[in-house]
Amino acid sequence: MGRTDKTVTALAFDFGTRSIGLAFGQSLTGSARELAPMPARDGKPDWDRVQEVIAEWQPHYLLVGLPLNMDGSESEFCARARKFSQRLHGRTGLPVELVDERLSTRAAKEEAFERGHRGNYAEDPVDSIAARIFLEDWLRARSASD
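Residues numbered from 1 in each chain as written. Predicted model: local features only at pLDDT ≥ 70, side-chain atom pairs only at ≥ 80, totals over all residues. Heavy atoms only, no water.

Draft legend 1. Representation of unusual backbone geometry within the structure. Of note, aspartate 42 is a non-glycine position whose phi angle comes to about 50 degrees, a positive value. Within the chain, glutamine 58 stands out as a residue other than glycine whose phi angle is a positive 45 degrees. With a relative accessible area of 61%, glutamine 58 lands in the exposed category. (Buried < 20%, exposed > 50% of the residue type's maximum accessible area, 1.4 Å probe, protein only.)

Draft legend 2. Broad picture of a positive patch on the surface. A cluster of like positive charges, contributed by Lys44, Lys83, Arg87 and Arg91, occupies part of the molecular surface. The element that contributes the greatest number of residues to the positive patch is helix 2 (residues 78-92), accounting for 3 residues. Position of arginine 87 relative to the elements: it lies in helix 2. The partly exposed category is assigned to arginine 87, whose relative accessible area is 36%. (Patch = residues over 30% accessible without salt bridge, like charges linked within 9 Å, V, L, I, M, F, W, Y side chains within 5 Å. Areas by Shrake-Rupley, 256 points an atom, 1.4 Å probe, with all protein chains shown as cover. Salt bridge = Lys/Arg side-chain N within 4 Å of Asp/Glu carboxyl O. Lys, Arg positive; Asp, Glu negative; His and termini not counted. Charge placed at Lys NZ, Arg CZ, Asp CG, Glu CD. Helix = DSSP H or I, 4+ residues; strand = E, 2+ residues; numbered from the N terminus.)

Draft legend 3. Quick peek at the pairing of strand 2 (residues 19-26). With 8 of its 8 residues buried, strand 2 lies for the most part within the structure. Burial along strand 2 is two-sided: Ser19, Gly21, Ala23 and Gly25 and Ile20, Leu22, Phe24 and Gln26, pointing in opposite directions, are all buried. Taken together, strand 1 (residues 9-14) and the strand that follows it, strand 2, pair antiparallel across an intervening segment of 4 residues. Bridge count for strand 2 against strand 3 (residues 31-41) is 7 bridges, and the pairing is antiparallel. Counted as the bridge partner of serine 19 is proline 39 from strand 3. (Pairing = 2+ DSSP bridges.)

Shown next as structure tokens:
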């Protein structure tokens, strides 16, 4: 018998206080693409814009990067990311998963540098690259467990 499970799609959020990176991916190819980052004010996005992005991409899952310390302990910022994920679930009703995002920002900065980024991260954030990286990791882990 052939596989009957359908392609899973996910929208990833790399939470930040001034910018929230976004990426969309799907399980069929295990690939993800960066979307334009969303501005935030002290970690609060324009929730109408969040709803528009979700309506456009229609993901099955929402992922929020959890900024753990390198030793796996919770950083001070984890509580804010958790609160954002709870609000996201409350406003959308979609399943939200917190995803370990350790090293994704470093990898995003390295990738951005290779693309010619000049290091002005406040003006040109790499949050969406980081969101794509941890989303692709999530997709790989998911396909390995199937």
